[in-house]
Amino acid sequence: MSCGERDMFHRERSQIYIQWVRRFRTYCDKRKLLETEQLTAVGVRRFTRLYAGPRLKGKQSSPDSRNLASNALHAWAWALSALGTTLPPWRDTHAPTLPPLLKEYCHYRRAHNGISESTLVRDVKTARGFLRQLRRRTKSIDRASLADVDAFVQKLATRLSKRTVADTCSSLRAFLRFLRITGRLAADLADGVIAPRYRTDERPPRNLPWADVQQILRSISRMEAPGKRDFAIVLLLATYGLGAAEVLAIRLGDLDWHAGVLRIRRPKTDMLIELPLLPAVAKALTAYLRWERPPAKSVQAVFLRKNMPYEPITSAAIRYRIRHYARLAGISAKVIGAHAFRHSHASRQIDSGANIKVVSDILGHRSSSSTSVYVRVALKRLRAVALPVPR
């Protein structure tokens, strides 16, 4: 797209956005609604469902039109906030209200097990699912039996992998132990949770050859947005073996330019580590921050959307961009995303002879056994030490 075409596209998009803002303000005036109170995701969703323009003849707008209207009004809300207008949060960031039983369970897990918040989310989801099954069977908690446990696990096995079912079984055991300790269950059902067995090496990590990683990096054009942002993200993934959540969690204050240090917080273990800010990474980040990052001083996240509203991008956006550049590079894989670069980094380090404990620390693993899985794909080093096959 040439500069003239790009300018034309932005002018047309701006005109469409202004039209939706005018429609929204008319909608608020007719219904005696306060515009600033309605500029939320819920309020805008209500508006798009009720809006029927003259050309629609009473019909509801198409999903694409409703999405465009939501983007336009989200950008309008962001602009008003930047100008000093007080608005409610676009999305309700409060955690959903938990019933008393699950609140008590969360407190128990935090106090007695010291688990991370991400693990607690999984535990609550498992507990909800088991309680939902009991309600469908019109059973109270004190009447739960091993048959209910087996039925729950068997249903999971019909739609999830063995590894995921095994993790969920571990979470279910914790919930059943809690119910037993607090006197809600007369029998200890935790020992009756039979998880599927699987080999840790039955599905090796999805790593990319290093030549493919380099090819994907070369396919990213940094001449126009969001090329500089995407290049910096992929370089971080490939250089340090970071996950998408770790890249998205980087704040402006985590870049210590004077000390040459990049601070990373691992979301699963909540462990803070410091990594050397390598020259290539520092150059890519500098180019993005200086020439491409939107002027959103109030947002501390490093990587933002290129269009208003200037919010942090999501892991889904990273996955989409990686797949886009993989197609441009002519690389096909069944599954490719941010974790493929993490696996490639670990495999390359071990293949080069790096100490597995060092690699484990860089990846943020609590145990080196989590990293040992990458030894299976270090084929180059294994071939070098392999004994000859006897004739």
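Residues numbered from 1 in each chain as written. Predicted model: local features only at pLDDT ≥ 70, side-chain atom pairs only at ≥ 80, totals over all residues. Heavy atoms only, no water.

1. As for the nonpolar core
Burial of nonpolar side chains together is a common tendency in soluble globular proteins. Short version of the rule: Working definition of a nonpolar core: buried Ala, Val, Leu, Ile, Met, Phe, Trp, Tyr and Cys residues. They are joined through side-chain atoms within 4.5 Å. The rule is simple: take the accessible area with a 1.4 Å probe, protein chains only, and divide by the maximum for that residue type; under 20% is buried, over 50% is exposed, in between is partly exposed. Numbered from the N terminus, helices here are DSSP runs of H or I no shorter than four residues, and strands are runs of E no shorter than two.
Formed by 48 residues in total, the largest nonpolar core has its most connected members in Ile-216, Leu-236, Phe-303, Ile-318 and Phe-341. When contributions to this core are tallied by element, the ones reaching two or more residues are helix H9 (210-218), helix H10 (227-240), helix H11 (244-248), strand E2 (261-266), strand E3 (271-276), helix H12 (279-291), helix H13 (315-328) and helix H14 (338-351).

2. Looking at the pairing of E2
As a general feature of sheets, a regular strand has side chains that alternate between the two faces. Selection rule: Pairing between strands requires that DSSP locate at least two bridges from one strand to the other.
Judged from the two bridges that link them, strand E1 (residues 255-256) and E2 form a sheet pairing that is antiparallel. Residue pairing in the sheet places Asp-256 in a bridge with Val-261 of E2. Between E1 and E2, which pair antiparallel and follow one another directly, the connecting turn spans four residues, one of which, Gly-260, has a positive phi of 65°. Bridging between E2 and E3 involves six bridges; their strand directions are antiparallel. The residue of E3 that forms the bridge with Arg-265 is Leu-272.

3. Observations concerning unusual backbone geometry
Across the junction of Ala-225 and Pro-226, the peptide omega takes the value 0°, indicating a cis bond. Tracing the backbone shows Pro-226 in the loop between H9 and H10. The backbone phi angle of Thr-138 is positive, close to 50°, even though this residue is not glycine. If you trace the backbone, Thr-138 turns up in the loop between helix H6 (117-136) and helix H7 (146-157). By relative accessible area, Thr-138 is classed as exposed at 68%.

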